[in-house]
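Architecture and fold: a report
The lines below spell out each chain.
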Amino acid sequence: MFFVLAKTVGFFSAPSNVLISLALFGVLLMATRFVRAGRRIAVFAVIALAICGLSPLGNAIILPLEERFPAWDASRDASRGPPAGIISLGGALDTVVSPVRNEVALNEAAERMTAVAELARRFPQARIVFSGGSGRLVYGGSTTEAELAARLFESFGIAKERITLEDKSRDTLENARFTKELVQPRSGERWLLVTSAHHMPRSVGLFRAEGFAVEAFPVDYRTRGAIDLLRFFSTVGDGLRRTDTAAREWVGLFVYRITGRTAELFPGP
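In this report, the structure presented in the accompanying data block is examined. From a predicted model like this one, the values you see are computed outputs, not experimental measurements.

What follows deals with the sheet that holds strand β1 (residues 85–89). A sheet is described by the order of its strands in space; here 5 strands give the open sequence β3-β2-β1-β4-β5, paired in parallel fashion. Looking at the sheet topology across the chains shown, the edges are occupied by β3 (163–166) and β5 (215–219). This sheet shows a mean twist of 20° between the axes of neighbouring strands, independent of strand direction. Of the strand pairs in this sheet, strand β2 (residues 127–131) and β3 are connected by 4 bridges, and their pairing is parallel. When the bridges of β3 are listed, Ile128 appears paired with Ile163. Here helix α8 (residues 172–183) sits on the sheet in contact with β1, β2, β3 and β4 (191–196), set at roughly 135° to β3.

To continue, consider helix α6 (residues 111–122). With 12 residues, α6 ought to run about 16 Å at 1.5 Å a step, and its terminal C-alpha atoms sit 16 Å apart, in line with that. When α6 is considered as a whole, its buried residues turn out to be Arg112, Met113, Ala115, Val116, Ala117, Leu119 and Ala120.

Our next topic: the packing of helix α2 (residues 15–29) against helix α10 (residues 236–258). Running from N to C, α2 and α10 cross one another at 110°; their axes reach a closest spacing of 8 Å. Relative to α10, α2 is oriented roughly perpendicular. Residues Pro15, Ser16 and Asn17 of α2 touch α10, and the partners they reach there are Leu240, Thr243, Asp244, Ala247 and Arg248.

Calculation rules
Residues numbered from 1 in each chain as written. Predicted model: local features only at pLDDT ≥ 70, side-chain atom pairs only at ≥ 80, totals over all residues. Heavy atoms only, no water. Pairing = 2+ DSSP bridges. Helix = DSSP H or I, 4+ residues; strand = E, 2+ residues; numbered from the N terminus. Axes fitted to C-alpha atoms, helices over the stretch in contact; angles between N-to-C directions. Contact = heavy atoms within 4.5 Å. Expected span 1.5 Å × (residues − 1). Buried < 20%, exposed > 50% of the residue type's maximum accessible area, 1.4 Å probe, protein only. Parallel < 35°, antiparallel > 145°, perpendicular 65-115°, else oblique.

Any functional reading would require information beyond the geometric quantities listed.
Shown next as structure tokens:
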């Protein structure tokens, strides 16, 4: 039930979806006696879409998420030794296109997967864990992200016996819960968590809530830093995608906190 509710809330947490819905509502009102109200709503929605799509707003709201956890430094806590395992979260593999095209299709979060190749070579004794089933509410298909991840990791030259797949999770909450149940981490072990930088605060917060201490290995940065606070987008689509991505994360942080699924509103190092 929470998964369905979360996906529904997720749809309306995207500013583009809300504003398009408002614009359509305004247009419908213009066909009634509430013409003036409908016109105002439609004009407001179009202007807001332009602001969200062309201004640096998307960069401004995603930057605090990306900067929350610093890049992982192997020299930090080096006395603890190398990591026992590397966990890569789903969200980078397309479970709809991949089986049809008979190839592993990656999206813009591809670094969640490619970073594992370098880490696997760097730490040859570490377990490689992928967590991801199918997070789609509709059109999910029968292929899970874990199946595609196994193919991709093996193409990287990672031995099959090193790979552990968690293929039941549908969202980040289940990523944390099911991964802990599967790998049974021991006290004192180091585990790296690989996911998009903007997604890291929510991910770490949920792993902590499950009692699984992980070290953040953020990848897939969408901004260059504070310099992008003044950078406008060249297309409305690019700006809306950035704004939607960031807004979903902030809404997710808030929802998980108020429902008691995390102990912090904005988890940090």
